[in-house]
Amino acid sequence: MSRWIIYSFLIIAFASCKGEQTVALDATNVFESKGVEIPVYDFESFKPLLTIGDGKTRVINFWATWCKPCVVELPYFELINSKYPEDKVEVILVSLDLPNQVESKLIPFIKKQKIQSKVVLLDDPDANNWIPKVNKNWSGSIPATIIYKNGTVNFYERSFTYNELEKELKKVL
Amino acid sequence: MKTLKILVAVAFVIAVSAFALNKVSVNKIIKGYSIGDVATDFKLKNIDESYVSLADYKEAKGFIIIFTCNHCPYSVAYEDRIIELNTKFKPLGYPVIAINPNNPKSYPEDSFDNMKIRAKEKGFTFPYLLDDGQSIYPQYGATKTPHVYVVEKTIKGNVVKYIGAIDNNYKDANAATKKYVEEAVYALLKGEKVPVQITKAIGCSVKA
């Protein structure tokens, strides 16, 4: 995979609308298959995504294709993503699938479900090190979700219905 | 007007109590054991149709209790390492006891029959028990698979000494630089304090 694709993907993905505060994440790799591109991050390179202070609300959902309750609630995140304008709300689906299942499971899933939200892969095996950095109360089970805008950060280690999710979103919008 | 006030008050009380109830049930699931707590014994069905309790192991010095299952890729990634733990530590007095906490209705792949098949395929050398009725895992506080509890047998009972992950690399055993469970058991065998008592890990949520 060429460096060019990696960097261009990142800049498109994470530049804010007016370009006031561009947060460029360095992907360690990019999986590409069937027209789907999944950038891969270790925690250090992923971390800046949790604290972008550009006034946009970000809904960051930790999930995996093998996690049944995660897959059940995914359409609600998709609905949030399509319902709210891009410059107000951004949904990022952080997959914790194993890297060797990206091409066999994750990409086919994204194609089949026609996932429109941004999907990234967090691939950092030293989970005991990074789980507490996402949130000190997180046990590490998924689904888990962060909803944040600037300095307001809410963390949820639970499943959502659509109404519950939208209610939580509106608290920080 | 007065009726309205009463109605509002009643609705408020209901809303508050509903919230409180909700909170209690959530806490009950998540709390579980802390380091130093005495872990409950159990009598659960093994894949060979016998029933296994910790009390059956008269010679054991403690146990490596691992909540794990068939369907979870993280559990599967650790299977060889779980076998290895039993090979290494059963002779030293710390056998592995694996418990599948999932309700097979939620995950058919985790049914009792499929547990038998998986244990045979992988050649499990340790009991692989079904938490039938999902009554044991909430007492321990296991939230995901794999989730390990190392307990030490004392006169008080089986005291929890370590809670968390097997090591610090789920993808590659050879790349793991911290073998938490091994280090815990070695420390206990030497009568020393467990160096790292609690770790966090990504795992598949347990489903009742």
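Residues numbered from 1 in each chain as written. Chains lettered and ligands numbered in written order. Predicted model: local features only at pLDDT ≥ 70, side-chain atom pairs only at ≥ 80, totals over all residues.

1. Examining the sheet that holds strand 4 (residues 62-67) of chain B
Across the sheet, which stays open at both edges, the 8 strands sit in the order 1-9-8-4-5-6-2-3 (chain B) with mixed pairing between neighbours. Looking along the sheet, the strands with just one partner apiece sit at the ends: strand 1 (38-39) and strand 3 (51-52) of chain B. (Pairing = 2+ DSSP bridges. Helix = DSSP H or I, 4+ residues; strand = E, 2+ residues; numbered from the N terminus.)

2. Brief notes about the sheet that holds strand 5 (residues 118-122) of chain A
Residue and element names in this part refer to chain A. Spatial strand order, 1-2-5-4-3-7-8: 7 strands in an open sheet with mixed pairing. Only two strands of the sheet have a single partner each, and these edge strands are strand 1 (29-33) and strand 8 (152-156). Neighbour to neighbour, the strand axes of the sheet diverge by 25 degrees on average, direction disregarded. Pairing between strand 7 (residues 144-149) and strand 8: 5 bridges, direction antiparallel. Looking across to strand 8, one finds that Tyr148 is bridged to Val153. In the packing of helix 4 (residues 102-112) onto the sheet, contacts are made with strand 1, strand 2 (36-41), strand 4 (89-95) and strand 5, and the angle to strand 2 comes to roughly 125 degrees. (Axes fitted to C-alpha atoms, helices over the stretch in contact; angles between N-to-C directions. Contact = placed C-beta atoms within 7 Å.)

3. Some remarks on unusual backbone geometry
Between Ile142 of chain A and Pro143 of chain A the backbone carries a cis peptide bond, its omega angle lying at 5 degrees. Its place among the elements puts Pro143 of chain A in the loop between strand 6 (141-142) and strand 7. The omega torsion across Thr145 of chain B and Pro146 of chain B is -10 degrees, close enough to zero to call that bond cis. Turning to its location among the elements, Pro146 of chain B is positioned in the loop between strand 7 (144-145) and strand 8 (147-154). The phi dihedral of Lys34 of chain A falls on the positive side, at around 50 degrees, and the residue is not glycine. Tracing the sequence through the fold places Lys34 of chain A in the loop between strand 1 and strand 2. Positive phi values are uncommon outside glycine, yet Gln134 of chain B reaches one of about 50 degrees. Mapped onto the elements of the fold, Gln134 of chain B is located in the loop between strand 6 (128-130) and helix 4 (137-140).

4. Here we look at the interface of chain B and chain A
Contact residues are listed per partner, giving 18 residues for chain B and 17 residues for chain A. Only helix 2 (73-89) and strand 10 (203-205) of chain B provide two or more residues apiece to the side of chain B that touches chain A. With 3 residues, strand 10 of chain B is the largest single contributor of residues to the side of chain B that touches chain A. In terms of residue class, the side of chain B that touches chain A is made up of 8 nonpolar, 6 polar and 4 charged. In this structure, strand 6 of chain A lies alongside strand 10 of chain B, joined through 2 bridges in parallel fashion. Looking at the pairing, Ser141 of chain A lines up with Gly203 of chain B of strand 10 of chain B. (Nonpolar A, V, L, I, M, F, W, Y, C, P; charged D, E, K, R; others polar.)

5. Considerations on the pairing of strand 5 of chain A
Residues and elements named next belong to chain A. Extensive coverage of strand 5 is indicated by the burial of 4 of its 5 residues. Bridge count between strand 4 and strand 5: 4 bridges; the pairing is parallel. Note on strand 5: the bridge partner recorded for Ile92 is Lys118. Note that the unit made of strand 4, helix 4 and strand 5 has a crossover that is right-handed. (Buried ≥ 20, exposed ≤ 12 C-beta atoms within 10 Å, placed from the backbone. Right-handed = clockwise from strand over helix to strand, strands pointing away.)

6. A short note on helix 2 of chain B
The periodicity of an α-helix, 3.6 residues per turn, causes residues three or four places apart in sequence to face the same way. Residues and elements named next belong to chain B. With 17 residues, helix 2 extends 24 Å from end C-alpha to end C-alpha; this agrees with the ideal 24 Å at 1.5 Å per step. At Glu79, helix 2 shows its maximal kink, close to 45 degrees. Among all positions in helix 2, only Pro73, Tyr74, Ser75, Tyr78, Ile82, Leu85, Asn86 and Phe89 are buried. Buried residues along helix 2 sit in contact with strand 4, strand 5 (96-100), strand 7, helix 5 (180-189) and strand 10. (Expected span 1.5 Å × (residues − 1). Bend = angle between axes of the 7 residues up to and from the residue.)

7. Quick word on the nonpolar core
Considering soluble globular proteins, one finds that nonpolar side chains tend to be buried as a cluster. Membership of the largest hydrophobic core comes to 93 residues, with the highest contact counts inside it found for Ile142 of chain A together with Ile64, Ala98, Tyr149, Val150 and Val181 of chain B. Once residues lying within four places of it in the same chain are set aside, the contact partners of Val181 of chain B are Ile64, Leu85, Val148, Val150, Tyr162 and Ile166 of chain B. (Core = buried A, V, L, I, M, F, W, Y, C linked by C-beta atoms within 7 Å.)

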